[in-house]
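Report on the structure
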Amino acid sequence: AAAITGGNLILRGAKRELIGAIIKVLVDAGVEVSEVESGIQINGENIRLTGIDVMTEPYPGFPTDMQAQLMALMAVANGASMMTETIFENRFMHVPELCRMGADINVHGASSIIRGVEKLSGASVMATDLRASVSLVLAGLAARGVTTISRVYHLDRGYERLEEKLGNCGADIIRLDI
C-alpha cells in the first residue's frame, strides 16, 4: 500500500528473513525498503517505480499469494513487467477487473505482460477471490476517483478490519452495507 500510493509506513514486527523474496522484488521495482528497530520501513515517497519480471515460486521464492498485489503495483510502474504464475492455474482472475480501472495487462497462458500506466481510474469492480480483492483495494487507493469493490466477503476471509487499518494509515476507505 505504501509503495502504490507514494506513502511511507513501518511494518512493526516484520522480519526481513521471512519476506526476503518480497523485499527483493520491491527493491528491484524502485521501492525503498529498510530495516528499523521495530520492523521494516517501506518508503514509496518520491520514487520512480520500474517494471520488473517476476515468477512465483515455492518458499523462499516470490509467493503466489502476493502475485495479484504486485500486479496492481506494476500496473502503475514505468515500463513493462512480466508476471509468471508457476504455482496455481487460473490465478489471473483479477486482470479483467484491473483493466476496468485502466491497467494495460495481457495474459498469455501462465504469464501476463503488464504495461504501466500513469494513473488508474476509479471504477466498479468485483472481487473474485481473496488475493484479487486486496489487489483491487490497492489499485483503488492509487486510482483517481472512486473505486467500488463488490463481493468483499472474499476479502474478509483473509484481511481482518482492512478498511480500519488502511484508514489509520491515511486511506479514504469505507465499507458500504448494500
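Shown above is the structure to which this text applies.
Just so it is clear, the structure is predicted and the values come from calculations on it, not from any experiment.

A few points about the sheet that holds strand S3 (residues 39–43)
One open sheet accounts for three strands, arranged S1-S3-S2; its pairing is antiparallel. Two strands in the sheet have a free side with no partner beyond their single neighbour: strand S1 (8–12) and strand S2 (32–36). Along the sheet, successive strands turn relative to each other by an average axial angle of 20°, direction set aside. Across five bridges, the pairing between S2 and S3 is antiparallel. What sits directly across from Glu 32, in S3, is Asn 43.

Structural notes on a nonpolar patch on the surface
Among the surface-exposed residues, Ile 174, Leu 176 and Ile 178 lie close enough to one another that they form a single nonpolar patch of about 420 Å² accessible area. With respect to the helices, strands and loops of the structure, Ile 174 is situated in the segment after helix H7 (162–168). Here Ile 174 falls in the exposed class, since its relative accessible area comes to 65%.

Some points on unusual backbone geometry
Residues other than glycine predominantly adopt negative phi, and peptide bonds predominantly adopt the trans conformation. The omega torsion across Tyr 59 and Pro 60 is 15°, close enough to zero to call that bond cis. A positive phi is found at Arg 151, a non-glycine position, where the angle reads about 65°. Looking at the secondary structure, you find Arg 151 in the loop between strand S9 (148–150) and helix H6 (153–156). With a relative accessible area of 33%, Arg 151 lands in the partly exposed category. One non-glycine residue, Arg 161, lies in the positive phi region at around 55°. As for its position among the elements, Arg 161 is in the loop between H6 and H7. Take Arg 161: its relative accessible area is 44%, and that puts it in the partly exposed class.

Calculation notes
Residues numbered from 1 in each chain as written. Predicted model: local features only at pLDDT ≥ 70, side-chain atom pairs only at ≥ 80, totals over all residues. Heavy atoms only, no water. Pairing = 2+ DSSP bridges. Helix = DSSP H or I, 4+ residues; strand = E, 2+ residues; numbered from the N terminus. Axes fitted to C-alpha atoms, helices over the stretch in contact; angles between N-to-C directions. Patch = residues over 30% accessible without salt bridge, like charges linked within 9 Å, V, L, I, M, F, W, Y side chains within 5 Å. Areas by Shrake-Rupley, 256 points an atom, 1.4 Å probe, with all protein chains shown as cover. Salt bridge = Lys/Arg side-chain N within 4 Å of Asp/Glu carboxyl O. Buried < 20%, exposed > 50% of the residue type's maximum accessible area, 1.4 Å probe, protein only.

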